[in-house]
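# Topology and contacts: notes
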Amino acid sequence: MRAASLSNEKSHKLCLDFPGGNIAVARGRFLRLFIGNMASGKTRHLLTEIDTLRKYGNKKIAVFKPRTDVRSGLNLIRSRKGDEDAAEEISVTRPLEIWPLLRARESEIGCRFQVIAFDEVQFFPRDSGFFQLVNHLLNEGYDVLASGLAFDFRGEPFGSTPDLAVLAEDRCMWLTAYCTKCGARAPYPQRIIDGVPAHYNSQQVLVGGDETYEPRCDDHFILPGRPLTGPDDASPQGKIWPGGIVSGE
């Protein structure tokens with residue numbers, strides 16, 4: 001009973017002292033990432049976690065999404081099953097604009113949020129500073145929830161998702177989608193334009209739903225124009241064996 005009382009007193013103190021106090025906050029306890037292909041339930045799991053932490057953990061949670069995500073509607077995140085939650089929209093190239101939005105929201109409610117949630121994190125490019133933002137949020141004492149695609153339509157790592165997977169460590173939950181052709185595990189989002197697979201040189205980001213994408217397995221993933229695998233010029237082996245590695249006869 002005393003431990004619970006101390007926990008409530010600490011939470012209450014955070015509210016009373018914000019925003020003018022000098023509170024030493026510990027690093028956030030976790031980054032939890034829901035990662036996988038389209039139709040694997042990433043946003044649904046994110047929304048369930050948000051609802052659970054609010055309802056049973058009494059957590060104050062701020063939700064954000066990239067402006068690029070226009071499928072869910074303005075200032076909303078929405079799962080395929082229709083579950084939704086309100087979300088502030090931020091720029092994919094300037095994610096640091098979250099800070100004035102976050103401080104304004106915290107001033108409105110009179111205390112700090114405890115958890116920050118992001119949907120569709122693949123839309124934040126690796127050079128946008130989003131990884132640094134998430135790390136900064138953790139250092140500021142926030143816990144972080146996120147969901148994102150692992151691969152783009154080329155079958156290559158997509159945006160900031162892989163970097164967050166490294167940061168999340170054992171709190172990275174890989175979710176499974178199933179191939180529309182054979183029912184096997186499907187890691188790749190197959191982009192279909194006018195009934196045919198999109199060319200490798202197509203633009204990376206094209207927001208769309210089931211009319212544009214479908215999950216595919218290794219055997220049924222088709223990518224016209226995919227570059228052939230060749231020697232890696234950056235590999236140190238190229239310096240050791242300038243003529244390349246020749247297999248034995």
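To start, this report covers the structure provided alongside it. Think of each chain on its own: its residues are numbered from 1, step by step along the sequence as written. Only residues with pLDDT of at least 70 are given local features in this predicted model, and only at 80 or more are side-chain atom pairs given and counted; all residues enter the totals for whole chains, interfaces and linings. Only heavy atoms go into the side-chain values, all of them from the structure, while hydrogens and water stay out.

## With respect to the overall build of the chain
Inclusion rule: Comment: elements are numbered from the N terminus, with helices defined as DSSP H or I runs of at least four residues and strands as E runs of at least two. In this scheme, a residue with accessible area under 20% of its type's maximum is buried, one over 50% is exposed, and one in between is partly exposed, where area comes from a 1.4 Å probe on protein chains only. Contacts are assigned to residue pairs with any non-hydrogen atoms lying within 4.5 Å of each other.
Each helix and strand counted, the chain has six helices and eleven strands in total. Across the 249 residues that make up the chain, the buried fraction comes to 41%. Pairs at least 24 apart in sequence give 75% of the contacts found in the chain among residues at least 6 apart.

## A closer look at the packing of aromatic side chains
Filter applied, for reference: The rule is short: rings of Phe, Tyr and Trp, with Trp giving its six-membered ring, pair when the centres are within 6.5 Å, and they are stacked under 30 degrees, edge-to-face over 60, tilted in between. By the criterion adopted, a ring carries a charge over it if an Arg CZ or a Lys NZ lies within 6 Å of its centre and within 35 degrees of its normal.
Throughout the structure, instances matching the rule amount to six aromatic pairs. Relative to F130, the ring of F124 has its centre 4.1 Å away and its plane inclined at 5°; by these criteria the two rings are stacked. Across the pair, F130 and F124 agree in class, each one buried. Taken together, the aromatic side chains of F64, F118, F124 and F130 make up a single cluster linked through ring pairs. Taking NZ or CZ as reference, R32 lies 4.6 Å from the ring centre of F30, over its face. The ring of Y142 has R112 lying over it, and the distance from NZ or CZ to the ring centre is 4.3 Å.

## Side note on the nonpolar core
Convention followed: Throughout this description, the term nonpolar core refers to a set of buried Ala, Val, Leu, Ile, Met, Phe, Trp, Tyr and Cys residues connected via side-chain atoms within 4.5 Å.
In this structure, L33, L102, I116, F118 and L137 are the most contacted members of the largest nonpolar core, which totals 39 residues. Among the secondary structure elements, those contributing two or more residues to this core are β1 (31–36), β2 (61–66), α3 (98–109), β6 (115–118), α4 (130–139), β7 (143–149) and α5 (161–168). Of the residues forming this core, the biggest block, five residues, is contributed by α4. If sequence neighbours within four positions are ignored, I116 has contacts with A62, F64, I98, L102, L137, Y142, D143, V144 and L145.

## Concerning the packing of α3 against α4
Heads up, the condition is: Simply put, an axis is a line fit to the C-alpha atoms, just over the touching stretch for a helix, and the angle between two N-to-C directions goes from 0 to 180 degrees. Three categories are distinguished: nonpolar for Ala, Val, Leu, Ile, Met, Phe, Trp, Tyr, Cys and Pro, charged for Asp, Glu, Lys and Arg, and polar for the others, with Gly belonging to the last.
In contact at an axis separation of 12 Å, α3 and α4 are set at 35° when each is read in the N-to-C sense. Residues I98, W99 and L102 of α3 form the contact with α4, whose participating residues are L133, H136 and L137. By residue class, the composition of the contact of α3 with α4 is five nonpolar, one polar and no charged.

## Brief notes about the environment of I222
Structurally, the position occupied by I222 is in the loop between β11 (213–216) and α6 (237–240). Residue I222 is classed as partly exposed on the basis of its relative accessible area, which comes to 43%. When the C-alpha atoms of I222 and R154 are compared, they prove to be 9.1 Å apart, with 68 residues separating the residues in sequence. Every residue in contact with I222, bar those within four places of it in the chain, is listed here: Q190, P197 and R216.

## Thoughts on the sheet that holds strand β10 (residues 196–197)
This is how the line gets drawn: Think of it this way: DSSP has to see at least two bridges between two strands before they count as a pair.
The strand order β10-β9-β11 describes an open sheet built from three strands, whose pairing is antiparallel. The sheet is open, and its two borders are formed by β10 and β11, each paired with just one other strand. Looking at chain direction, strand β9 (residues 188–193) and β10 are connected through two bridges and run antiparallel. Each bridged residue has a counterpart across the sheet, and for I193 the counterpart in β10 is V196.

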